[in-house]
Amino acid sequence: MNLFLTLAFLFFIGSTFGWVLELFYRRFISSSNPERRWINPGFCTGPYLPIYGNGLCALYLLASLEGLLPWMNKFVMFALMAVAMTAIEYVAGLCCLKIAKVRLWDYRDQWGNIQGIICPLFSLFWAVGGALYYFLIHPHILDALDWLSRNLAFSFFIGMFFGVFLIDFAHSAQLVTKLKAFADENDVVVRYEAVKLQIRQAQDKAKAKYHFFRP
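Here is what the cut-offs are and how they apply
- Residues numbered from 1 in each chain as written.
- Predicted model: local features only at pLDDT ≥ 70, side-chain atom pairs only at ≥ 80, totals over all residues.
- Heavy atoms only, no water.
- Helix = DSSP H or I, 4+ residues; strand = E, 2+ residues; numbered from the N terminus.
- Buried < 20%, exposed > 50% of the residue type's maximum accessible area, 1.4 Å probe, protein only.
- Core = buried A, V, L, I, M, F, W, Y, C linked by side-chain atoms within 4.5 Å.
- Contact = heavy atoms within 4.5 Å.
- Phe/Tyr/Trp six-rings, centres within 6.5 Å; stacked < 30°, edge-to-face > 60°.
- Lys NZ or Arg CZ within 6 Å of the ring centre and 35° of its normal.
- Patch = residues over 30% accessible without salt bridge, like charges linked within 9 Å, V, L, I, M, F, W, Y side chains within 5 Å.
- Areas by Shrake-Rupley, 256 points an atom, 1.4 Å probe, with all protein chains shown as cover.
- Salt bridge = Lys/Arg side-chain N within 4 Å of Asp/Glu carboxyl O.
- Expected span 1.5 Å × (residues − 1).
- Disulfide = S-S within 2.5 Å.

(A) Structural detail: unusual backbone geometry. Phi is positive for glutamine 115, close to 60°, though the residue is something other than glycine. Inspection of the secondary structure assignment puts glutamine 115 in the loop between β1 (102-103) and α4 (120-150). Glutamine 115 gets classed as partly exposed once you look at its relative accessible area, which sits at 32%. A positive phi angle, near 55°, is found at aspartate 187, a position not held by glycine.

In structure tokens form, the structure reads like this:
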């Protein structure tokens, strides 16, 4: 099975499962949601987060290097995983912040943060997450890839996913363009999750129907 199909499959898995993870994090843990409401996380409308899709691809590639590089032990691997995930997080957050003037997440209250996009605490979490991935998830990923290699017809659904994802991405980009116009006019940076929460509160107050995927 070629590398392109492998990474496309991993992007599909990582994006969808990452969305579920963030959904529960924002509902039960995040301090930005004190009322503990269900809020659709991320940039897109649908149930997927591209940053986690890219992250899973990076973790898979780094885990696959074990045994090929003699100097790579597990501690080095986990450190590289933390660096890779932090770099993905920084690039994605910086692009949204500088280009669209939208802050998708905010670490400014964390020690040692850089522009509120990354911080040492979450880099440590990524290192722990890399270890958990290697020991608990990577074997199942290998099994899933083996299953895909024997059921290539499933690649049709992967293609459907990317078709829906690209349409959703273009639609969400139009919404962010409107937010950017507001940010430029008022010389502010829009906190995306705060906007979603305020919309939810306003609709609840007006007793209007809240559309989880179209807030």
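(B) Here's a closer look at the nonpolar core. Core analysis: the largest hydrophobic core is formed by 53 residues, its most contacted members being Leu10, Met81, Val102, Leu104, Tyr133 and Ile141. At the level of secondary structure, the elements contributing two or more residues to this core comprise α1 (3-28), α2 (50-64), α3 (74-100), α4 and α5 (155-186). In this view, leucine 10 contacts Gly53, Leu56, Cys57, Tyr60, Ile141 and Leu145; residues no more than four positions away in its chain are not counted.

(C) Fine view of the packing of aromatic side chains. With the rule as written, the count across this model stands at 24 aromatic pairs. Over the face of the ring belonging to tryptophan 38 we find arginine 27, whose NZ or CZ atom lies 5.0 Å from the ring centre.

(D) A nonpolar patch on the surface, seen in detail. Taken together, the side chains of Leu121, Leu124, Phe125, Val128, Leu132, Phe135, Leu136 and Ile137 define a hydrophobic patch exposed on the protein surface, amounting to about 740 Å² of accessible area. Along the chain, leucine 136 turns up in helix α4. Its relative accessible area of 54% is what places leucine 136 among the exposed residues.

(E) Spatial organisation of α5. Between its first and last C-alpha, α5 extends 46 Å over 32 residues, near the 46 Å set by a 1.5 Å rise per residue. All buried positions along α5 are accounted for by Ile158, Phe161, Phe165, Asp168, Ser172, Val176, Leu179 and Ala183. After α5 finishes, the residue aspartate 187 shows a positive phi value of roughly 55°.

(F) Expanded view of the state of the cysteines. Inspection of the entire model under this criterion finds zero disulfides. You can see cysteine 57 has no disulfide; the closest cysteine sulfur is in cysteine 44, sitting 15 Å from it. Residue cysteine 96 stays outside any disulfide, its sulfur separated by 6.9 Å from that of cysteine 95, the closest cysteine.

(G) Quick look at the environment of phenylalanine 154. Within the element layout of this structure, phenylalanine 154 appears in the loop between α4 and α5. Judged by relative accessible area, phenylalanine 154 falls into the partly exposed class, the value being 23%. Phenylalanine 154 sits 145 residues away from phenylalanine 9 along the chain, and the two C-alpha atoms are 9.6 Å apart. Aside from chain neighbours lying at most four places away, what touches phenylalanine 154 is Phe9, Phe12, Trp147 and Leu148.

(H) Region of the structure containing the pattern of salt bridges. Enumeration according to the criterion identifies seven salt bridges in this entry. In this structure, lysine 74 engages glutamate 66 in a salt bridge whose closest nitrogen and oxygen atoms are separated by 3.1 Å. Under the relative-accessibility criterion, glutamate 66 is labelled partly exposed at 31%. Through salt bridges that share partners, Lys101, Lys180 and Asp184 make up one connected network.

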